[in-house]
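Chain residues, written in single-letter form:
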Amino acid sequence: MIREQIRPALFSFVLLTLITGVLYPLSVTGIAKVFFRNQSEGSLILKNGKAVGSEHIGQPFDAPQYLWGRPSATSPAFNASSSSGSNYGPMHADYLKAVGDRAKALKDADPSHQAHVPVDLVTASGSGLDPQISLAGAYYQVSRIARIRGISEDKIKKIIEKNTQGRFLGLLGEPAVNVLKVNLDLDEVKK
Amino acid sequence: MSTNDYIQCFIYMAVLLLLAKPLGIYMARVMEGESRANRWFKPAESFIYKVCGVNPARAEMNWKTYAVAFMAFNALGIFVVYAIQRLQNILPLNPMGMAAVSADSSFNTAISFATNTNWQGYGGESTLSYFTQMIALGVQNFVSAASGIAVLFAVIRGFIRKQTENIGNFWMDLVRSTLYILLPLSIVSATLLVSQGVPQTFKPSPKASLVQPTSYDQPVTDKDGKPVLDEKGQPKTQKAMLTEQVIAVGPVASQIAIKQLGTNGGGYYNANSAHPLENPTPFSNFVEMLSLTLIAAALCCSFGYRVKDTRQGWALLIAMTIIFVPLLWVCTHSEQTGNPLLAKMGIDQSATALQPGGNMEGKETRFGIVSSTIWASATTAVSNGSVNSMHDSFTPLGGLVPMWLMELGEVVYGGVGSGLYGMLAFVIVAVFVGGLMVGRTPEYLGKKIESYEMKMASIMILIPPILAVLGTAIAVVAPGGKANIFNPGIHGFSEVLYAFSSTSNNNGSAFAGLGANNIFYNTILGICMFFARYWLAIPILAIAGSLAKKKIVPVSSGTLPTHTPLFIFFLVGIVILVGALTFFPALALGPIVEHLTLAAV
């Protein structure tokens, strides 16, 4: 009974491997190359022909003139070849301390602005590479960036809104601001 | 919960249930060679049968032969996946120069992918070559799912045939479910995903120079690459500048598409579908979330179609949905409410037009709360196990929901094929108990349910909880088990319970703080996954063989109807009762105590 099944087992394994392991990914790669070239290679953002990042991958920002992104639990932060969340449970002492420190850092960077900090600015993202923050998180930082860069808050808000992706069909997901794109635009602004 | 939370949950359930019927009927027809699609691909199909020495005209197998074919194919899969990982350093398509994977990790991963669990002890983008991802894991994503669908259709034949030994041919079921179901759906899904920004390339990972170079603490290592410790025993660090970012890419989209459709769940990246390149946008998220439950739910309609009573299929699908929806609500409500400890610190967790609020630790901005909780509930209801948020960082009740959905035995939609045949085991128990209550011989779809079927169904229902509870008990006393727990105290216990609930039900998701890539966990979790898959598949095939031999009893006034609301609630009751009684003590030690502690702070 077993011997009769050896040939179909071996040959079906080889053929299905060729179909699903070789033909399938190659044909998807072909479709991707023809129709979605940039997306299929990591959605890189080019500046003067050099990659300065990917549209979908966050970068570390801690200088006060830049918009800050989600805290990252990878090591070092925003390590795009080793993604990870913090995996802290809700009562972990180190987690609560980290949240407190992040909130303090935000307030210290802008002492005149002491409103409650939006939760996404002090909690680590799932991947450690989240490219986006909430609108609340972005608006929270406008006064600091405006003061340091010496440009008007309205101008910064416009840049933020320009780089906001809304809900899909107005229904699915959450509106989110792309931090890297905002910062690239901020660097382009002439005073 | 906000209005938008309700709207997103509603859209998800509505689209899922609307697609179940057409896809279900298509699958039912294509598996028996009755669909128009069968004619289009007939040459390819016939060629495969010819090479494999399968003659479709006289290919019928009895249940034992079917089980042997199923096991032979799976054993071969385990062996090949193990070998490829051990040899990936000398195999082609390894542009990032990944080393061979360790023996214990390869053992675990081989079983994990062959059993459709896709538990990941390793970090994908930093461990595996493109070759391993495609040829070893990508192939198992298809064939482990196809094996599950094959077994389900053999079981369905057991119900509809009479006085025969035969329940179909494993090789034909395997080939048809791959060619006609999984492959076309995957190509559509992969294309949609690439359009959203999921990579699909064989080039090495590109480098980007950072807009703002940042300083960070780099661990100091000695010549052997081991961390140097300071006087206090902490790893020494030095300041270093970070100026560039290596963006890991690869043939991602093709693998992600099938990992969701085949209820596999093993991601390309370590962070799984939370990674913005696996799941870049709300639209990609919806496509992935839908494809993880779609086939499993639609198979209920295939079942109804094949037994020529669509009400029977809907009854099972409704029973599953009745369990799913309230748990989805609990999870979403709990996460949206957020963490009381953060509220005390003056962190703004309210849901407004500008932010999703809630417990955002381990969640991505573009998904917020509700897209993360729908996913968490769906991925554990179905035995998928991919994640788009880190379950370890959920609130206690938010984390209890995914854990308990797995502990119910992966029958709420469940794995492709395996979910429905698991539910059919519960149905057998339900009609048996129901029959005892009214004093009639229990029957289901005209087949008498006797002690043999009951014994086999009981084995199927008992094995996963035994593995989960025993495994947890061993791990929390064994040194190798305790040493790798990440979160202290109660939450650490939850991490271990979650790991064993996940692997013993072939789910694959994790409270990922648990350090699972070591000899202890790789071995014990590998064993759990093995038995959870095969010790369920073989008894259900035995049931199929036994049922096929029986006559079909005509419906009489004494027949317990199995499509009525009464029976649906009875079935739900049996599933909940078994799941609740078995796991309540363990859950009480983990998430329930944690919830009470957190509420009291």
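The model shown is predicted, which means the values in this text are computed figures rather than measured ones.

Scoring rules and cut-offs
Residues numbered from 1 in each chain as written. Chains lettered and ligands numbered in written order. Predicted model: local features only at pLDDT ≥ 70, side-chain atom pairs only at ≥ 80, totals over all residues. Heavy atoms only, no water. Phe/Tyr/Trp six-rings, centres within 6.5 Å; stacked < 30°, edge-to-face > 60°. Helix = DSSP H or I, 4+ residues; strand = E, 2+ residues; numbered from the N terminus. Buried < 20%, exposed > 50% of the residue type's maximum accessible area, 1.4 Å probe, protein only. Lys NZ or Arg CZ within 6 Å of the ring centre and 35° of its normal. Pairing = 2+ DSSP bridges. Contact = heavy atoms within 4.5 Å. Buried area = accessible area lost by both parts, 1.4 Å probe. Salt bridge = Lys/Arg side-chain N within 4 Å of Asp/Glu carboxyl O. Polar contact = N/O pair within 3.5 Å; in protein donor to acceptor, adjacent residues only side chain to side chain. Nonpolar A, V, L, I, M, F, W, Y, C, P; charged D, E, K, R; others polar. Domains from an automatic or database assignment.

## Brief notes about the packing of aromatic side chains
Link 1 in the chain: For the coordinates displayed, the defined rule picks out 25 aromatic pairs over all chains.
Link 2 in the chain: Taking the centre distance of 5.6 Å and the plane angle of 25° together, the rings of A:Tyr88 and B:Phe486 count as stacked. You can see A:Tyr88 sitting in the loop between β2 (50–54) and α3 (93–109) and its partner B:Phe486 sitting in the loop between α17 (479–482) and α18 (490–503), one on each of two chains.
Link 3 in the chain: Relative accessible area serves as the criterion here: at 34%, B:Phe486 is assigned to the partly exposed category.
Link 4 in the chain: Summarising the aromatic geometry, the rings of B:Phe73 and B:Trp171 are spaced 6.0 Å apart at their centres and angled 75° between planes, so their arrangement reads as edge-to-face. One end of the pair, B:Phe73, is in helix α4 (residues 63–87); the other, B:Trp171, is in helix α8 (residues 170–196), and 98 residues separate them in sequence.
Link 5 in the chain: The exposure class assigned to B:Phe73 is buried, which follows from its relative accessible area of 2%.
Link 6 in the chain: The rings of A:Phe13, B:Tyr66, B:Phe70, B:Phe73, B:Phe170, B:Trp171, B:Phe530, B:Phe531, B:Tyr534 and B:Trp535 are connected pair by pair, giving a single aromatic cluster.
Link 7 in the chain: For A:Arg7, the ring lying beneath its charged end belongs to A:Phe11, and the centroid distance is 5.8 Å.
Link 8 in the chain: Positioned above the aromatic ring of A:Tyr139, the side-chain terminus of A:Lys157 is 5.9 Å from the ring centre.

## Some remarks on the pairing of strand β1 (residues 44–47) of chain A
Every other side chain in a regular strand lies on the same face of the sheet, so the side chains alternate between the two faces.
All names here are of chain A.
Link 1 in the chain: Two strands pair when backbone bridges link them, and β1 and β2 are joined in this way by 4 bridges, in the antiparallel orientation. Across the sheet, Lys47 pairs through a bridge with Lys50, a residue of β2.
Link 2 in the chain: Following β1, the chain reverses through 2 residues before pairing antiparallel with β2; Asn48 in that reversal takes a positive phi of roughly 55°.

## Notes on the interface of chain A and chain B
Link 1 in the chain: Contact residues are listed per partner, giving 103 residues for chain A and 121 residues for chain B.
Link 2 in the chain: Where chain A abuts chain B, roughly 8,900 Å² becomes buried across the two surfaces, and 67% of that area is made up of carbon and sulfur atoms.
Link 3 in the chain: Considering only the surface of chain A that becomes buried against chain B, A:Phe13, A:Tyr24 and A:Asn87 emerge as the three largest contributors, covering 9% of it.
Link 4 in the chain: Applying the counting rule to chain A against chain B returns 2 salt bridges.
Link 5 in the chain: One salt bridge in this structure joins A:Asp130 and B:Arg366, with 3.9 Å as the shortest N-O distance.
Link 6 in the chain: Applying the counting criterion to the chain A and chain B interface returns 44 residue pairs in polar contact (both at pLDDT 80 or more).
Link 7 in the chain: Among the elements that make up the side of chain A that touches chain B, the one with the highest residue count is helix α1 (residues 2–35) of chain A (24 residues).
Link 8 in the chain: Among the residues forming the side of chain A that touches chain B, the class breakdown is 55 nonpolar, 35 polar and 13 charged.

## Notes on the domain arrangement of chain B
Link 1 in the chain: In terms of domain boundaries, chain B breaks down into domain 1 (207–246) and domain 2 (416–600).
Link 2 in the chain: Using C-alpha coordinates to define each centre, domain 1 of chain B is positioned 46 Å away from domain 2 of chain B.

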